[in-house]
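# Topology and contacts: notes
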Amino acid sequence: MRIAIVEDEALAANYLKKLLITQDILPISVSDIVMLSSIKEATTFFFQHSVDLIFMDIHLGDGKSLEIFDKIAVKSPVVFITAYENYAIEAFKQFAMGYILKPFDKIALDEVLHKYVAITKHLQEDTIPKQEQESEVATPPLKDRFLIHDGHRLKSIEAKEIAYLFASGKHLFLHTFQEERFIYDDTIKDVIDKLDPKFFFKINRSFIINIQAIKEVIRHNSQKIELLLKVQSEDQQPIFVSKAHIANLKDWLS
């Protein structure tokens, strides 16, 4: 998805860019983000282009960014960024989805992104004809077996044999309870939809865990949960649940 950051402070803009790239709520890469630093630059860009979401500082070097809306019609949802809460009411008079107060952290950004996901999902459901909605409910069947290329041999691995899947670089590794490791030709984003959600859960950008592989759940604090596995993890490093998935993980475990 396409993101525009309208911010004249380079440190603040790069900090937000880093948070957007590293979060795992929405698929955002470096090439998806355009950086704009002034009213003039933003006005020219939005006159010619559209994006999915805009993050806009209210105070820019050449004036208030709210002036942009007096010059052109911006149809993309906007998240305003400000150090002054009294500007929030004025900002919401525009096409604002929300606002973030400086200084902000990853938690504040995640809340806004979750709100964006919920709003866009609701809008999509309202615009899809009933017949299409019903067809989408009929999801493809879950896979019971996974075909693995093991050198010159082909091997069929049953889903219940999989302890976890681990994404690293361009590869997806499948680990069994027998501590075998295979490369599986798929992405972590797509393979999760082929696994039974009763047994498998995507805990972060890199790991999908079988509930039978969990040895212990360690709660460091409300925003930090670690999983210990019954089999050796890929890189022998601690495995942490993404903050965005903690609530869903608790529901899944219960």
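Owing to the predicted nature of the structure, the values given are computational and were not obtained by experimental measurement.

## Comments concerning the confidence of the model for the chain
- Confidence in the prediction of the chain, expressed as mean pLDDT, is 85, and 87% of residues score 70 or more.
- Of all the helices and strands in the chain, helix 6 (residues 130-137) carries the lowest mean pLDDT, 53, while strand 2 (residues 33-36) carries the highest, 95.

## Some details on the pattern of salt bridges
- All chains considered together, the criterion is met by seven salt bridges.
- Between Asp57 and Lys102 there is a salt bridge, with its nearest N and O atoms 2.9 Å apart. Residue Asp57 is located in strand 3 (residues 53-57), and its partner Lys102 is located in the loop between strand 7 (96-101) and helix 5 (106-127); the two are separated by 45 residues in the primary sequence.
- Note that Lys160 is salt-bridged to Glu158, the shortest N-O span being 3.8 Å.
- Accessibility expressed as a relative area gives 64% for Lys160, which makes it exposed.
- When its relative accessible area of 31% is taken as the criterion, Glu158 is described as partly exposed.
- Linked through salt bridges whose partners overlap, the residues forming this network are Glu7, Glu9, Asp57 and Lys102.

## Description of a negative patch on the surface
- Taken together, the side chains of Asp8, Asp62, Glu67 and Asp70 make up a negatively charged region of the molecular surface.
- Counting through the fold element by element, Asp62 comes out in the loop between strand 4 (59-60) and strand 5 (63-64).

## Let's talk about the sheet that holds strand 11 (residues 171-176)
- With respect to topology, five strands assemble into an open sheet ordered 12-11-10-14-13, the strand pairing being antiparallel. Each of the sheet's edge strands pairs with one partner strand only, and the pair in question is strand 12 (181-183) and strand 13 (200-202). On average, each strand axis in the sheet is inclined to that of its neighbour by 20 degrees, with strand direction left out of account.
- Across the sheet, helix 8 (residues 246-253) touches strand 13 and strand 14 (207-210), and the angle it forms with strand 13 is around 170 degrees.

## Observations concerning the environment of Phe47
- Its place among the elements puts Phe47 in helix 2 (residues 39-48).
- With 27 residues separating them along the chain, Phe47 and Val74 place their C-alpha atoms 8.0 Å apart.

## Here we look at the pairing of strand 15 (residues 214-221)
- Bridge count between strand 15 and strand 16 (residues 224-229): six bridges; the pairing is antiparallel. If you follow Ile214 over to strand 16, its bridge partner there is Leu229.
- Hairpin connection, strand 15 to strand 16: the antiparallel pair is bridged by two residues.

## Describing the nonpolar core
- The biggest cluster of nonpolar side chains holds 22 residues, and the ones touching the most others in it are Ile3, Leu16, Leu20, Leu53, Phe55, Leu109 and Leu113.
- Core analysis: the second largest hydrophobic core is formed by 21 residues, Phe45, Phe69, Ile72 and Ala96 among them.

## Some thoughts on helix 2
- Every buried residue belonging to helix 2 is among Ile39, Ala42, Thr43, Phe45 and Phe46, and all of these are buried.
- Along its buried surface, helix 2 packs onto strand 1 (3-6), strand 2, strand 3, strand 4, strand 5 and helix 3 (68-71).

## Things to note about helix 8
- Buried within helix 8 are the following residues: Ile246, Leu249 and Trp252. Buried residues in helix 8, looked at end-on, bunch into an arc of 115 degrees, giving them a common side.
- Lining the buried residues of helix 8 we find strand 13, strand 14, strand 15 and strand 16.

## Things to note about the packing of aromatic side chains
- Using the criterion set out here, one finds seven aromatic pairs in the structure.
- Centre to centre, the rings of Phe45 and Phe46 are 5.4 Å apart; their planes meet at 80 degrees, and the pair counts as edge-to-face.
- For Phe46, a relative accessible area of 8% corresponds to the buried category.
- Each ring, one from Phe201 and one from Trp252, has its centre 5.1 Å from the other, and the planes form 25 degrees; the classification is stacked. Highlighted residues: Phe201 in strand 13 and Trp252 in helix 8, separated in sequence by 51 residues. Both residues of the pair, Phe201 and Trp252, count as buried.
- A connected cluster of aromatic rings, assembled from ring pairs, spans Tyr164, Phe166 and Phe207.

The rules we used
- Residues numbered from 1 in each chain as written.
- Predicted model: local features only at pLDDT ≥ 70, side-chain atom pairs only at ≥ 80, totals over all residues.
- Heavy atoms only, no water.
- pLDDT = per-residue confidence, 0-100.
- Helix = DSSP H or I, 4+ residues; strand = E, 2+ residues; numbered from the N terminus.
- Salt bridge = Lys/Arg side-chain N within 4 Å of Asp/Glu carboxyl O.
- Buried < 20%, exposed > 50% of the residue type's maximum accessible area, 1.4 Å probe, protein only.
- Patch = residues over 30% accessible without salt bridge, like charges linked within 9 Å, V, L, I, M, F, W, Y side chains within 5 Å.
- Areas by Shrake-Rupley, 256 points an atom, 1.4 Å probe, with all protein chains shown as cover.
- Lys, Arg positive; Asp, Glu negative; His and termini not counted.
- Charge placed at Lys NZ, Arg CZ, Asp CG, Glu CD.
- Pairing = 2+ DSSP bridges.
- Axes fitted to C-alpha atoms, helices over the stretch in contact; angles between N-to-C directions.
- Contact = heavy atoms within 4.5 Å.
- Core = buried A, V, L, I, M, F, W, Y, C linked by side-chain atoms within 4.5 Å.
- Arc of directions from axis to C-beta.
- Phe/Tyr/Trp six-rings, centres within 6.5 Å; stacked < 30°, edge-to-face > 60°.

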